[in-house]
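Descriptive structure summary
Each chain is listed here by its residues.
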Amino acid sequence: EMEKTARYMNDLVQQLLNCSNENEKILKKEGKIPEGKEVEQIVANLMCELGIPKHLKGYKYLMEALYMLIEDAESDIIEVTKGMYLKIAQKYGATSERVEHDIRYVIKIAFERSDSEKLNEIFGYGSKKEVKLMEKIMLLSDYIRLQYLQ
């Protein structure tokens with residue numbers, strides 16, 4: 001049983017290391033700002049680094065929210081976020097309350113599974129201070145934009 005657990009932990013560490021390395025490869029393309037599928041890959045790799053499992057509904061909802069914020073970076077943030085949960089809910093046949101709940105859950109998982117150094121890098125305060133969910137989503141999108149898309 002301990003051997004099985006050790007293998008699982010080793011696999012998890014390898015998976016997290018691979019996520020970081022994938023973003024490094026995308027960024028090494030000479031002077032090219034990532035777009036389209038590369039942006040999707042960057043977002044997916046960051047979610048992997050944060051330890052968010054792909055099989056949870058909140059994963060795809062958070063991905064969608066991040067795409068919306070990244071695409072509309074020049075727009076008024078209040079207008080973008082105003083109906084965001086509803087737009088995502090309509091796309092996936094859910095309720096806006098369910099979307100918000102599921103996003104909140106996967107972010108909670110990220111705070112539980114990710115190391116405090118990565119959380120501090122993204123959110124600027126580690127996992128101690130409580131902020132609103134939308135602020136966490138906006139901080140994630142800002143981090144992606146600043147780290148990878150400029």
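Check the entry above for the structure.
Residues numbered from 1 in each chain as written. Predicted model: local features only at pLDDT ≥ 70, side-chain atom pairs only at ≥ 80, totals over all residues. Heavy atoms only, no water.

**Digging into the packing of aromatic side chains**
For the record, the criterion: Each Phe, Tyr or Trp ring, with Trp reduced to its six-membered ring, pairs with another whose centre is within 6.5 Å; inter-plane angles below 30 degrees give stacked pairs, above 60 give edge-to-face pairs, and intermediate values give tilted ones. Labels follow the DSSP assignment, with helices taken as runs of H or I lasting at least four residues and strands as runs of E lasting at least two, numbered in each case from the N terminus.
Enumeration according to the criterion identifies 2 aromatic pairs in this entry. Centre to centre, the rings of phenylalanine 111 and phenylalanine 123 are 5.1 Å apart; their planes meet at 40 degrees, and the pair counts as tilted. Placement of phenylalanine 111 in helix α6 (residues 96-113) and of phenylalanine 123 in helix α7 (residues 116-123) is noted, with a sequence separation of 12 residues between them.

**Here we look at the packing of helix α3 (residues 57-71) against helix α8 (residues 133-148)**
Quick reminder of the rule: Axis lines are fitted through C-alpha atoms, for helices just across the contact stretch, and the angle between N-to-C directions can take any value from 0 to 180 degrees. Here roughly perpendicular refers to angles of 65 to 115 degrees, roughly parallel to angles under 35, roughly antiparallel to angles over 145, and oblique to all remaining angles. By definition, any crossing whose near helix is turned counterclockwise from its far helix by less than a right angle is left-handed, and any crossing with a clockwise turn is right-handed. Contacts between residues were defined by any pair of non-hydrogen atoms, one from each residue, lying within 4.5 Å. All residues other than Ala, Val, Leu, Ile, Met, Phe, Trp, Tyr, Cys, Pro, Asp, Glu, Lys and Arg, Gly among them, are scored as polar; the first ten of these are nonpolar and the last four charged.
One way to put it is that α3 packs onto α8 with a least axis distance of 9 Å and a crossing angle of 60 degrees. On the basis of their axis angle, the class for α3 and α8 is oblique. In this structure, α3 crosses over α8, and the sense of that crossing is right-handed. Together, Leu62, Ala65, Leu66, Leu69 and Ile70 of α3 and Ile137, Met138, Leu140, Ser141, Ile144 and Arg145 of α8 make up the contact between the two elements. The class makeup of the residues in the contact of α3 with α8 is 9 nonpolar, 1 polar and 1 charged.

**Some words on helix α5 (residues 84-92)**
Note the threshold: Each residue is assigned to one of three classes by its accessible area relative to the maximum for its type, calculated with a 1.4 Å probe on protein chains only: buried under 20%, partly exposed between the two thresholds, exposed over 50%. Directions from the helix axis toward the C-beta atoms define the arc.
Inspection of α5 places Met84, Tyr85, Ile88 and Ala89 among the buried residues, and these make up the whole buried set. Buried residues of α5, seen end-on, are gathered within an arc of 130 degrees and therefore sit on one face of the element. Exposed and facing more than 90 degrees away from the buried side of α5 are Gln90 and Lys91. At the C-terminal side of α5, glycine 93 shows a positive phi close to 65 degrees.

**Brief notes about the nonpolar core**
Burial of nonpolar side chains together is a common tendency in soluble globular proteins. Going by this rule: Among the buried residues, those of types Ala, Val, Leu, Ile, Met, Phe, Trp, Tyr and Cys that are joined through side-chain atoms within 4.5 Å form a nonpolar core.
Counting residues in hydrophobic clusters, the biggest one holds 39 residues, and the most contacted among them are Val43, Leu62, Ile103, Ile137 and Ile144. When contributions to this core are tallied by element, the ones reaching two or more residues are α2 (37-49), α3, α5, α6, α7 and α8. A total of 10 residues in this core trace back to one element, the largest contributor, which is α3.

**Observations regarding the environment of glutamate 64**
Secondary-structure assignment places glutamate 64 in helix α3. Taking the relative accessible area as the measure of exposure, glutamate 64 reaches 14% and is therefore buried. Spatially, the C-alpha atom of glutamate 64 lies 9.7 Å from that of lysine 91, the residues being 27 residues apart in sequence. Those residues within four positions of glutamate 64 in sequence are excluded, and the remaining contacts are Ile88, Lys91 and Tyr92.

Just geometry here; none of it tells us what the structure is for.
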